[in-house]
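Residues per chain, in single letters:
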Amino acid sequence: MRLFSEKVVPTFTSSNLNILTVEDFNEVFFDVFGFEINGKKFITEKVSDYKGSPVVDIPLVLEGKEFTASFVLQRGKFEILFNKANSTFVRHVVEEADDIIFEKKETILKEILQARQSAEQYVKNLKQQLL
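A quick note: this is a predicted structure, and the numbers were derived from the prediction, not measured.

Caption draft 1: Highlighting the packing of aromatic side chains. Tallied over the entire structure, the rule returns 5 aromatic pairs. Site record: aromatic cluster; members linked through ring pairs are F4, F35 and F42. Here R75 stacks its cationic end above the ring of F25, 4.0 Å away from the centre of that ring.

Caption draft 2: How the structure looks around the nonpolar core. Within the largest apolar cluster, 20 residues are counted, with the highest numbers of intra-cluster contacts made by L3, L20, F35, L60 and F71. Only strand 4 (19-22), strand 6 (32-37), strand 8 (53-62), strand 9 (65-75) and strand 10 (79-82) provide two or more residues apiece to this core. Ignoring any residue separated from it by four or fewer positions in sequence, one finds F35 in contact with F4, L20, V22, D24, F25, K40, K41, F42, T44, I58 and L73.

Caption draft 3: Main features of the environment of F33. Turning to its location among the elements, F33 is positioned in strand 6. With 12 residues separating them in the primary sequence, F33 and E45 have C-alpha atoms 6.2 Å apart. Not counting residues up to four positions away in its chain, the partners in contact with F33 are F25, N26, E27, V28, F42, I43, T44, K46, P54 and L73.

Caption draft 4: How the structure looks around the pattern of salt bridges. Enumeration over the complete set of coordinates arrives at 6 salt bridges. A salt bridge links E6 to K40; the shortest N-O distance between them is 3.3 Å. Residue E6 is found in strand 2 (residues 6-7), and its partner K40 is found in strand 7 (residues 40-50); the two are separated by 34 residues along the sequence. Looking at K40, the relative accessible area reads 45%, which means it is partly exposed. Among the salt bridges present, the one from D31 reaches K46, with a minimum N-O distance of 3.3 Å. Note that D31 is positioned in the loop between strand 5 (25-29) and strand 6 and K46 in strand 7, a separation of 15 residues in sequence. Several salt bridges share partner residues, and in doing so they unite D31, K46 and D49 into one network.

How each quantity is defined
- Residues numbered from 1 in each chain as written.
- Predicted model: local features only at pLDDT ≥ 70, side-chain atom pairs only at ≥ 80, totals over all residues.
- Heavy atoms only, no water.
- Phe/Tyr/Trp six-rings, centres within 6.5 Å; stacked < 30°, edge-to-face > 60°.
- Lys NZ or Arg CZ within 6 Å of the ring centre and 35° of its normal.
- Core = buried A, V, L, I, M, F, W, Y, C linked by side-chain atoms within 4.5 Å.
- Buried < 20%, exposed > 50% of the residue type's maximum accessible area, 1.4 Å probe, protein only.
- Helix = DSSP H or I, 4+ residues; strand = E, 2+ residues; numbered from the N terminus.
- Contact = heavy atoms within 4.5 Å.
- Salt bridge = Lys/Arg side-chain N within 4 Å of Asp/Glu carboxyl O.

All quantities given are derived from atomic positions and should not be read as evidence of function.
Written out as structure tokens, the structure is:
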């Protein structure tokens, strides 16, 4: 899932609320809040309040579809509690080639690391057999 442009891992819930917990946020302008996700700064407009916390609309991409969802903004350890039923479909999106390449690159790097570790273990075992 992506919030804004950032790849994130949400906790899917059946709650009536979507909650975005970030380390810190501030009101940069009247009803406009700034916060960080994955070290990148984002701003969004407050659409309402929930028990004293701002509620903000955030664009997201899930399963190749773009949505807009309202999130209660809270301070704390980074966490996303998300219920797809609490979002509004915007449009279908085509996955970007950069994302596909990056994911394949990560997979290839993991496979190389595993092959390297396996080869090192094989050499250790071979040395032990020869001794």
